[in-house]
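Take a look at the letters that make up each chain.
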Amino acid sequence: DGSAYLNHVELVRQARGATVPESFYSDPLMYQGASDGFLGPRDPIPLADENWGCDLEGEIAVITDDVPMGVSTQQALHHIKLVMLCNDVSFRNLIPAELAKGFGFFHSKPPTAFSPVAVTPDELGVAWSGGLIHLPLLITINGKRFGRVEAGEDVTFDLARLIAHAAKTRPLSAGSIIGSGTVSNKDTDGGPGRPVADGGRGYSCIAELRMVEAILHGASKTQFLRYGDRVAIEMPDADGHSIFGRIEQVVGQSSAIWLDRSHTARTAIAMSSTGVLNQLISTSLGKDRAEFILSVLKIDPDLGGDGTIATRAQVAMALNAILFADLLERVPIAATHVANLWMEGRLVCIDHGALRTIDGETGALPRGHHAFAHILEPLGYSLAGIYPLPTLNMTGRAYVHADFPETVPQFFVSELHVSALPGEAQMAAQRVFGTTKNPLNEVECQAIDVLRRDGECPVDLAMAALSGIVRAFGRHHPIPALADYELLLRHSPEGAWIATEGNAYNHATDRVPDVIALAAALKADGMPLKHDVEVSLSGRVHQTAFLAAKVMREFRLDDGGIVEREVAGSFYELISRGIHPATGRLDLSFDSGNATGIFAVTGAS
């Protein structure tokens, strides 16, 4: 791991009143880290003691082929075969004592996590130039944007120079990984970088912010990562789409719930590595996260079993489980709540998930609810109710599973009627959503066709298609212009939400025995819930929700620049359902008034 961005080193030394030796500007800093084990992009960060000062480090990394000893910088450039991101975790408070011994890092550098995708340099197009990626690296801590640093600026040594340095006295074997060091930018005036909240680019590690605090204010105040903190690292292309996928990790004790196998005994499905559900979910989440999700969810035993065929109900349940896991990553308060339930031995019963669509021009994507009806219906869902939401210029549709109506989660699909908005908002919607792409490819379409025809499909086909089907629950239009977003926000907060989040899983809903009592208990514990519990006209359906997560999103400016804003993201809902007197079964209906009240959770976008 090297030191491409010496601004980081300069800040560390400036904070303690030292200068950077001149040799650092011509001879790269580099250390050899452990390579006997790495962390996956969703693996937890193991931390035995918070006093160690756990910190993330957002970096660029490259993988080489065989590199001969003594290679030049120009030659080294041609040995870069793959490019990826990494989180080079550091235990800051262990570093000084280790370096004082003169033997370098060991205890202070635990295993590194890498992005789920590595790409060849040519796939980066014009963004790859001179051994650098000229794109922003996005750093998020607990759902808040911490950094939007430019990987192609303020660089002292490019990645080819670092490779040449590493190969000065030895050849490098194919598969060698070279890290850039913490991506670090100066401020526009050449001084220390500013936090994102102050209009700056922010940082790729907490240590850098602490050094800036020490330089400007005489002392550091920002804490290092604590147990339960969640970090994310990713890099978008010019259209805002993630190139390498996202590194998403949780720190320490709360992460142990993903690794502690003893608790998975509560769910036999989770313990069966050959079970159809486990296979389907593991394809997207990985083995450990799949076992955790299956151990925390209440799963109908009839959805278990081994075999080479997946029923439509199993695919539907797997889809819901994967979307639920993704929501936990995006909504920290939901992850905390679910972790608390898990530790208490309580299961989550997903009642329904929700998404929002556009009834208007949507490019290659079918408009409105049709964008998802053609996915949900082959999975066994049928339309169970239509719910006008006139004050929102929307209509909601409930899709219930035909085979397992009470135990496979429903979907509540709402659509915004663009034609009901004022003219200027309609034009903004056309500009934002008019070039939306259809994310489904041939494999997903094949699986959907087989499921529609047969009600089942080979497990291998379902596994191959699920990641693409999950991808449909996202944003597939370009980064919106800030002016268009503000127009939509003025006339339709729901439309503004779709502009930034697309067709993402808007919320997941846990079916609980008594929402009113639970909400009171959660509020007493200081949990951020909406003020009132919504009650249906029938009196049988009660709903409330945690406040929506705050997320940082990018917007285009008129001059072509990019600006970030904090907006409302997704949220976590709670629902109680009574027995319908006419059927003697659970009342699975929704209520327009309840839905309108719940939608207000994201209304402050």
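Residues numbered from 1 in each chain as written. Predicted model: local features only at pLDDT ≥ 70, side-chain atom pairs only at ≥ 80, totals over all residues. Heavy atoms only, no water.

S.K.: Whenever I open this one, the pairing of strand β17 (residues 410-417) confuses me. Can you help?
M.R.: Within a regular strand, side chains alternate between the sheet's two faces. With respect to burial, β17 is a largely interior element, eight of its eight residues being buried. The alternating pattern of β17 places Q410, F412, S414 and L416 on one face and F411, V413, E415 and H417 on the opposite face, and all of these are buried. Pairing between strand β14 (residues 350-359) and β17: eight bridges, direction parallel. Counted as the bridge partner of H352 is Q410 from β17. Here strand β16 (residues 394-401) runs beside β17; their pairing, made up of six bridges, is antiparallel. Along β17, the bridge assignment pairs T395 with E415. (Buried < 20%, exposed > 50% of the residue type's maximum accessible area, 1.4 Å probe, protein only. Helix = DSSP H or I, 4+ residues; strand = E, 2+ residues; numbered from the N terminus. Pairing = 2+ DSSP bridges.)

S.K.: Looking at this structure, how should I read empty space enclosed by the protein?
M.R.: Empty space among the atoms becomes apparent when a probe as large as a water molecule is rolled across them. Scanning the entire structure with this criterion turns up six cavities of 30 Å³ or more. Lining of the largest cavity is provided by 19 residues; of these, T140, G143, R246, E329 and R330 occupy positions nearest its centre. Of all the secondary-structure elements, those providing two or more residues to the lining of the largest cavity are β11 (230-234), β12 (247-250), α10 (312-330) and β22 (550-556). Residue classes in the lining of the largest cavity are distributed as five nonpolar, six polar and eight charged. Empty space within the second largest cavity amounts to approximately 90 Å³. (1 Å grid on protein atoms, 1.4 Å probe; cavity = no way out; pocket = protein on both sides within 12 Å on 5 of 7 lines; lining within 4 Å. Points joined across faces, edges and corners; volume = space filled by probe spheres on them. Nonpolar A, V, L, I, M, F, W, Y, C, P; charged D, E, K, R; others polar.)

S.K.: I'm lost on the state of the cysteines in this one. Help?
M.R.: Linking two cysteines covalently through their sulfur atoms gives a disulfide. Per the stated rule, a full pass over the model turns up zero disulfides. Lacking any disulfide linkage, C86 is separated from the closest cysteine sulfur, that of C205, by 12 Å. Its relative accessible area of 2% is what places C86 among the buried residues. (Disulfide = S-S within 2.5 Å.)

S.K.: What exactly am I supposed to notice about the side chain of D1 here?
M.R.: Within the element layout of this structure, D1 appears in the segment before α1 (6-15). Buried D1, no salt bridge; nearest opposite-charge side chain is K109, N-O distance 5.1 Å. When residues no more than four places from it in sequence are discounted, the contact partners of D1 are L29, M30, Y31, E59, D88, G179, S180 and G181. (Lys, Arg positive; Asp, Glu negative; His and termini not counted. Salt bridge = Lys/Arg side-chain N within 4 Å of Asp/Glu carboxyl O. Contact = heavy atoms within 4.5 Å.)

S.K.: Looking at this model, I keep getting lost on the pattern of salt bridges. Mind explaining?
M.R.: Side-chain pairs of opposite charge can arise whenever the charged atoms involved come near each other. Following the criterion strictly, the structure yields 36 salt bridges and no others. Ionic pairing is found between R148 and E150, a salt bridge with its closest N-O pair at 3.4 Å. The exposure class of R148 is buried, given its relative accessible area of 14%. The partner of R540 in a salt bridge is D587, with the nearest N and O atoms 2.7 Å apart. Placement of R540 in the loop between β20 (534-535) and β21 (541-545) and of D587 in the loop between β24 (571-577) and α19 (592-599) is noted, with a sequence separation of 47 residues between them. Taking relative accessible area as the criterion, D587 reaches 4% and is therefore assigned buried. Three or more residues joined by partner-sharing salt bridges are found here, namely D55, E57, D88, R92 and K109.

S.K.: Can you help me understand the layout of surface pockets in this one?
M.R.: Approximately 1,500 Å³ is the volume found for the largest pocket. Lining the largest pocket are 44 residues, with E234, S242, D326, R471 and G474 positioned closest to its centre. Counting residues per element, the ones that place at least two in the lining of the largest pocket are α8 (276-285), α10, α15 (459-471), α17 (493-501) and β22. At five residues, the largest contribution of residues to the lining of the largest pocket is made by α10. Residue composition of the lining of the largest pocket, grouped by class: 19 nonpolar, 11 polar and 14 charged. By volume, the second largest pocket amounts to about 900 Å³. Taken together, 31 residues line the second largest pocket, and the ones lying closest to its centre are H8, V12, I95, L99 and F105. Every element with two or more residues in the lining of the second largest pocket is listed here: α1, α3 (95-100) and α5 (206-217). Among the elements that line the lining of the second largest pocket, the one with the most residues is α1, at four residues.

Don't take any of this as a statement about function, it's just geometry.
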